[in-house]
Amino acid sequence: MTTTRYFIEQVLRKRAYLSIEMCRAVVAYPILVVVQPDGRIRHWGRVILPNEVETRILRVVTLDDGSTLHNAFIDRNFREDAP
């Protein structure tokens with residue numbers, strides 16, 4: 001799995017609690033996948049952050065190839081039961 005320069009220089013730098021392995025796991029086993037109008041793909045999955053016991057929802061955005069990591073963040077507004 002590859003990454004964009006933005007992912008390495010901005011996302012991982014600003015969100016030190018994230019790891020590439022965590023993002024790979026979400027892409028491999030998502031609970032929801034949506035293709036954006038620009039072709040990028042959003043993957044949502046459950047993760048447990050370091051030093052936490054509760055699961056959180058991580059949104060990982062890949063390029064249109066589905067495997068190049070571009071962005072990732074904790075999605076506090078995700079609702080699994082929402083349409």
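The structure displayed is predicted, hence computed values, not measured ones.

Trainee: Go over the pairing of strand β1 (residues 32–35) with me, naming the residues and quoting the values.
Mentor: With 4 bridges joining them, β1 and strand β2 (residues 41–47) adopt antiparallel strand pairing. Residue pairing in the sheet places V33 in a bridge with H43 of β2. The hairpin formed by β1 and β2 contains 5 residues between the paired strands, and G39 there has a positive phi angle of roughly 95°.

Trainee: Quick rundown of unusual backbone geometry? Include the residues and the values.
Mentor: Even without being glycine, N51 reaches a positive phi, approximately 65°. Mapping N51 onto the fold places it in the loop between β2 and β3 (56–62).

Trainee: Please give an account of the sheet that holds strand β4 (residues 69–74) that cites residues and values.
Mentor: Here 4 strands make up an open sheet; going across it, the order is β1-β2-β3-β4 and the pairing antiparallel. Each end of this open sheet is capped by a strand with a single partner; those strands are β1 and β4. Within this sheet the neighbouring strands show an average axis-to-axis angle of 20°, counted without direction. Bridge count between β2 and β3: 7 bridges; the pairing is antiparallel. Of the residues in β3, the one forming a bridge with V47 is R56. Of the strands in this sheet, β2, β3 and β4 touch helix α2 (residues 20–28), which is tilted by about 85° from β3.

Trainee: With reference to specific residues and values, describe the pattern of salt bridges.
Mentor: Here the structure, examined in full by the defined rule, presents 3 salt bridges. The shortest N-O distance in the salt bridge between E9 and R5 comes to 2.8 Å. Taken as a pair, E9 and R5 lie in helix α1 (residues 5–14) at a separation of 4 residues, close to a single helical turn. D75 is paired through a salt bridge with R59; the nearest N and O atoms lie 2.8 Å apart. You can see D75 sitting in the segment after β4 and its partner R59 sitting in strand β3, a full 16 residues away along the chain. The pair formed by D75 and R59 is uniform in burial state, with each residue classed as buried.

Trainee: Account for α2, with residues named and values stated.
Mentor: Among the residues of α2, M22, C23, V26 and V27 are the ones counted as buried. Along α2, the residues classed as buried sweep out an arc of 135° about the axis, all on the same side. As for α2, its buried residues are in contact with α1, β2, β3 and β4.

Trainee: Account for the nonpolar core, naming residues and giving values.
Mentor: Core analysis: the biggest nonpolar cluster contains 14 residues, and C23, V47, L58, V60 and A72 have the highest contact counts within it. Only α1, α2, β3 and β4 provide two or more residues apiece to this core. Those residues in contact with C23 that sit more than four places away from it in its chain are F7, L58, V60, L69 and A72.

Parameters at a glance
- Every chain begins its residue count from 1, and numbering advances along the sequence as written.
- With pLDDT at 70 or above as the cut-off, local features in this predicted model cover only qualifying residues; side-chain atom pairs require 80 or more to be listed or tallied, and sums for whole chains, interfaces and linings still use all residues.
- Computation of side-chain values: all heavy atoms of the structure, hydrogens and water removed.
- When DSSP locates at least two bridges between a pair of strands, those strands are taken to pair.
- A run of H or I in DSSP becomes a helix once it reaches four residues, and a run of E becomes a strand once it reaches two; helices and strands are each numbered from the N terminus.
- Fitted lines through C-alpha atoms give the axes, limited to the stretch in contact for helices. The angle between two N-to-C directions lies from 0 to 180 degrees.
- In this description, contact between two residues means that some pair of their heavy atoms is separated by no more than 4.5 Å.
- The term salt bridge refers to a pairing of a side-chain nitrogen on Lys or Arg with a carboxyl oxygen on Asp or Glu at a separation within 4 Å.
- Each residue gets one of three labels from its accessible area relative to the maximum for its type: buried under 20%, exposed over 50%, partly exposed in between, using a 1.4 Å probe on protein chains only.
- What the arc describes is the spread of directions from the helix axis to the C-beta atoms.
- Nonpolar cores are built from buried Ala, Val, Leu, Ile, Met, Phe, Trp, Tyr and Cys residues. Side-chain atoms within 4.5 Å join them into one set.

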